[in-house]
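One letter stands for each residue in the lines below.
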Amino acid sequence: MTDATVTPPMRAKGKSLMADDARTQKRNAAERRFKAYGIIAILVGLSFLVFLATSILRNGIPAFTQTVVQVEFTLTQEEFDAAEGTLLKTSAYTDVFVSKLTEQVSAQGLDVEVDGKAVERLLGKVGGDLREFYKENPDQIGQPAQFQLAAASRVERYLQGKLTRDMVVDGRFLEKTDLDIVDALVDAGIITSAFDWNFITGTDTGVDNPGGAGIGASVIGSFFMMLVVLFLSLPIGVAASIYLEEFAPKNRFTDLIEVNISNLAAVPSIVFGILGLAVFIQFAHLPQSAPLVGGLVLTLMTLPTIVISTRASLKAVPPSIRDAALGVGASKMQSVFHHVLPLAMPGILTGTIIGLAQALGETAPLLLIGMVGFVAREYPDGLASGLLDPNSAMPAQIYTWAARSDEAFFEKAWGGIIVLLLFLMTMNIIAIILRRRFERRW
Amino acid sequence: MDDYYTTDRKMSTMQDTKIAASGVQVYYADNHAIKDVNVDIGDKTVTAFIGPSGCGKSTFLRCLNRMNDTIDICRVEGDIKIDGEDIYDKKVDPVQLRAKVGMVFQKPNPFPKSIYDNVAYGPKIHGLASSKADLDNIVEKALRRGAIWDEVKDRLHAPGTGLSGGQQQRLCIARAVATEPEVLLMDEPCSALDPIATAQVEELIDELRQNYAVVIVTHSMQQAARVSQKTAFFHLGNLVEYDDTDTIFTNPKDPRTESYISGRIG
Ligand SMILES: Nc1ncnc2c1ncn2[C@@H]1O[C@H](COP(=O)(O)OP(=O)(O)OP(=O)(O)O)[C@@H](O)[C@H]1O
Ligand SMILES: [Mg+2]
C-alpha cells in the first residue's frame, strides 16, 4: 500500500524479463522459505500422529486377543458313564481332560507331565465346564468336539514376555513346571491366540478378573448418552442460532448473549460436571450414574459448539440470497427455511458431529456424576433402563481401567482407546459424507 | 441533445398516480442518504432514476418495497403511498407489499437451485399455480418475458447459478415477473447485458408498461431516453429534477441535470 503513495523510483527501461532482478529474487526466496516452514510444520504434526497411532495400536491390539487352549477330542459313552458314576464328578472330568491332553501332546512327540492341579492353575476349573457341556448336550457324547478354554492371565503375560521364569514363586498361582507345560502346549499348537469377542461384548468385571473385562456395556452407555445429546442439543442449538442470527434485533442484550455463548464454549468440562451433580442429581433427584444425566450434562457442553458453528454457517450464506427471497415476497421464515438453512446445512451438520465427537470423548463430568467404569456391570434391557440404570461410558471406563493396579487392565484401557477412536473416526466419516451430500457447489 | 430524442416512443398519457412519496428521508446511521424526496410515480408508466454513483437511487428504490427494513442501521422517514395506502403503516405486512412490488436487484442473485425452481418459487409460495402443468406454463411465460427462454429451455433443471452474468440477470427478471407484481422495481437490470439482451429487456419493460408501473435505475442515459416516460435525476441524495423524459433530456431546468446528461458531472 505504502509503495503506491510515494513516487516510485524510475524503473530501468529495457530490462530483460529472462533475468530476475534483486527485488524479485528476494520475494521468491521469502516465498520458498515460507513454503519450507509449512512443510516442516506438517511433517512434525504427522510424525506426532504416527507416533500416537503406533503406540496406541501396539499397546491396544493385545486387548483384542485372548490366549486359549484349543483341544479336540471325543468323549465316549463309557467315559461319560464312568465319570458320572464317581463321587467327585468334576475332578473325574478333569482327569479325563488331562488324559486326552497328555495323549495329544505325546502324539506330537513331546514329553511333559500334566496333572489335574496344573491344569486348574493354567485353565481354571475345566472339569466343571466339561461336565456342564455334556450334561446340556448329551447328543455330543461319542462325537468329536472342539473345546476352547481361556488361559489364565498369567499364562498370557508369560507368553508376552512380561512374566519371566524368575518371577514365578513356586506354590502361588503358577509353578515353574507349569511353564514347561505351557511351552510344550505352544509347541504342540494347542495354546493359540484367538479374537476376544468378550472384550467387545462384555461388561466390566471386578478388579480381580482383568481377563473377563469388556467394553460392551459402556459402549451402550455412550450410545444412550449420545442419543440424549443429539435429540436435545441439535434442535435447541439450531433453533437458538437461527433466532439469534436471523430474527433477533441487534442490540446490547443480544450482544451480551452472544458473548456469553462464546464464553460457555470455553468453560472447562468439569464445571459442567459439578453443575450437573448439583442441579440434576441433588436438586432434581435424577438417578446417579444414569446416562440420561450424563447426556444432559454433555448437552450443556455441546450446545455452545453447535450454536457457534450454526451461526457461523448461517452468516456465511450470502445476504443477496435473503434479499432475493424477500424480493419475491417470501416471508422471513420462508426465506430462512427454504433458502438459507439448506445452504447452511453442511456447516451445521459438521458442527453438530464435531460437538458430538467432543461429547463422546468427554470424561471428567461423567466421573463427577457417578458414571465411573465399575458400574457398567450389566446391559440395559430397553430404552428406559438404558437411560436410567447406572452405566458408564467409554472414556470413563477407560479411565477406570487405567487407574486399576493390575497391569492387565492397562492393556484393556489401550484397547478401549482403540474402540473409542474407531467410533470417533466413524463419526467423522459420517460428517464428511453428509457434508458431501448436502453441499451444493452452485 | 437531439440524439436522445426518440420520436417513435409512444407518449404516455399521464396515468393515475401509483406511488406517491413525500418528504422521504433515509439515514444509514448518521449518513443522510436521501434528503426530502417528493415524487409521484404514475401507473402504466416507466419511470427512470438517473444520477451519479452513490447518489441514493438504489436506496430510494428499496424504500418502495421496504427492502430497507432488512438493513438494521437504515431509518426511513416520510410518507410513501401505493394506491393511496401508506406502505410504512404499522398494519402493512412488508411480505404482502413485496408480492405486489417486485424487484430486480443490482447484482444478479439467483437462488442456488435449478432454473425452473428459481422462477417457480414465487408463484409457488403465493399459490398462483393450481397444478404442475399450470406452474410449467407460468415458468415458461416468465422465462419468455425475461428474454431467456430460448437459451435455457433445454436445461430447465440445470443450476441457475451456472448461467453467465447476463443470463442470471434475465433469470432474475423472469423470477420477478413470474409473481405478477403491480409495480416492478429494476435496479440497473441491464448493467451486465450485451446490446441484444438489453434490447430484449427494454422490449419487455415496454410491454410490462401496459399493465404495471415500472421503475428502472440506469446509468445509461440512452436507455432512460429509450424506455422511460418520466425521468428523475438524483444528486447527492436530493431529487434535483423530475419531469417528462423528453423535457429532462432536451430542456433540463436545473444546471446540475444539464451537466450530468451532457457528461460533465458523474
Ligand atoms: N447498506 C448500507 N449501509 C450503509 N450505507 C449505505 C448502504 N447502502 C448504501 N449506503 C450509502 O447510501 C448512499 C447511497 O447509496 P446507493 O446504493 O443508494 O447509491 P446508488 O445511487 O444506487 O449508486 P450506484 O449507482 O453506484 O448503485 C451511499 O453513500 C452509500 O454509501
Ligand atoms: Mg445502486
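Residues numbered from 1 in each chain as written. Chains lettered and ligands numbered in written order. Predicted model: local features only at pLDDT ≥ 70, side-chain atom pairs only at ≥ 80, totals over all residues. Heavy atoms only, no water.

## Digging into the overall build of chain A
Working step 1: What chain A contains, in helices and strands, is 19 helices and 3 strands.
Working step 2: Relative to a compact globule of 442 residues, whose C-alpha radius of gyration would be 22 Å, chain A shows 32 Å and is clearly more extended.
Working step 3: A burial count over chain A gives 41% of its 442 residues as buried.
Working step 4: When contacts within chain A are restricted to residue pairs at least 6 apart in sequence, those whose partners lie at least 24 apart make up 76%.
Working step 5: When the accessible surface of chain A is split by element, carbon and sulfur atoms take 64% of a total near 24,600 Å².
Working step 6: Seen as two clouds, the 37 positive and the 43 negative side-chain charges of chain A have centres 20 Å apart. (Helix = DSSP H or I, 4+ residues; strand = E, 2+ residues; numbered from the N terminus. Rg over C-alpha atoms; globule rule 2.2 N^0.38 Å. Buried < 20%, exposed > 50% of the residue type's maximum accessible area, 1.4 Å probe, protein only. Contact = heavy atoms within 4.5 Å. Areas by Shrake-Rupley, 256 points an atom, 1.4 Å probe, with all protein chains shown as cover. Lys, Arg positive; Asp, Glu negative; His and termini not counted. Charge placed at Lys NZ, Arg CZ, Asp CG, Glu CD.)

## Quick notes on the coordination of the magnesium ion (ligand 2)
All names here are of chain B.
Working step 1: At the metal site, the magnesium ion (ligand 2) is ligated by Ser58 (OG) and Gln106 (OE1), and these contacts range over 1.9 to 2.4 Å. With Ser58 in helix α1 (residues 57-63) and Gln106 in the loop between β6 (101-104) and α3 (115-125), this pair connects stretches of sequence that are 48 residues apart.
Working step 2: Residue classification places Gln106 among the partly exposed positions, given a relative accessible area of 35%. (Donors = N, O, S within 2.8 Å, 3.2 Å for Na, K, Ca; no water.)

## Regarding helix α6 (residues 126-136) of chain A
Residue and element names in this part refer to chain A.
Working step 1: Listed as buried for α6 are Val126, Gly127, Leu130 and Tyr134. For α6, the angular spread of buried residues about the axis comes to 95°, placing them on one side.
Working step 2: Next to the buried residues of α6 lie β1 (65-74), α3 (77-85), α4 (89-107), α5 (116-123) and β2 (144-150). (Arc of directions from axis to C-beta.)

## Regarding the sheet that holds strand β3 (residues 191-195) of chain A
Residues and elements named next belong to chain A.
Working step 1: Strands sit in the order β2-β1-β3 across an open sheet of 3 strands; the sheet is antiparallel. With partners counted over all chains shown, the strands left at the sheet margins are β2 and β3, one partner each. Strand after strand, the sheet turns through a mean of 45° between neighbouring axes, direction not considered.
Working step 2: Two elements, β1 and β2, share 7 bridges in a ladder whose sense is antiparallel. Pairing of Val68 across the sheet is with Ala150, part of β2.
Working step 3: Of the strands in this sheet, β1 and β2 are in contact with α6, which crosses β2 at around 140°. (Pairing = 2+ DSSP bridges. Axes fitted to C-alpha atoms, helices over the stretch in contact; angles between N-to-C directions.)

## Thoughts on the side chain of A:Thr310
Working step 1: Take A:Thr310: it is sitting in helix α13 (residues 291-315).
Working step 2: For A:Thr310, a relative accessible area of 0% translates into the label buried.

## Section: the confidence of the model for chain B
Residues and elements named next belong to chain B.
Working step 1: Summarising the model, chain B shows a mean pLDDT of 88, and 93% of its residues fall at 70 or more.
Working step 2: Confidence scores differ between elements of chain B, with helix α7 (residues 195-208) showing the lowest mean pLDDT of 86 and strand β3 (residues 46-50) the highest of 95.
Working step 3: Confidence drops under pLDDT 50 across residues 1-13; counting only partners more than four residues distant or on other chains, this segment forms 24 contacts.
Working step 4: At the level of chain-chain contacts, confidence expressed as ipTM amounts to 0.87, with global pTM at 0.80. (pLDDT = per-residue confidence, 0-100.)

## Details of the site of ligand 1
All names here are of chain B.
Working step 1: As a matter of local geometry, ligand 1 sits amid 15 residues, with Ser53, Gly54, Ser58, Thr59 and His219 nearest to it.
Working step 2: In this structure, Cys55 approaches ligand 1 through a main-chain N or O atom, which is 3.3 Å from an oxygen atom.
Working step 3: Ser58 has a polar side-chain atom sitting 2.6 Å from an oxygen atom of ligand 1.
Working step 4: Relative to its unbound accessible area of 630 Å², ligand 1 is 66% covered by the protein chains.
Working step 5: Here the element with the most residues in the shell around ligand 1 is α1; it accounts for 3 residues. (Near = heavy atom within 4 Å. Polar contact = N/O pair within 3.5 Å; in protein donor to acceptor, adjacent residues only side chain to side chain.)

## Overview of unusual backbone geometry
All names here are of chain B.
Working step 1: Even without a glycine there, the phi angle at Ala29 is positive, about 50°.
Working step 2: Along the chain, Ala29 falls in the loop between β1 (17-28) and β2 (31-42).
Working step 3: You can call Ala29 partly exposed: its relative accessible area is 43%.
Working step 4: In this structure, Asp83 is a non-glycine residue whose phi angle is positive, near 50°.
Working step 5: Following the sequence through the fold, Asp83 ends up in the loop between β4 (74-82) and β5 (85-86).

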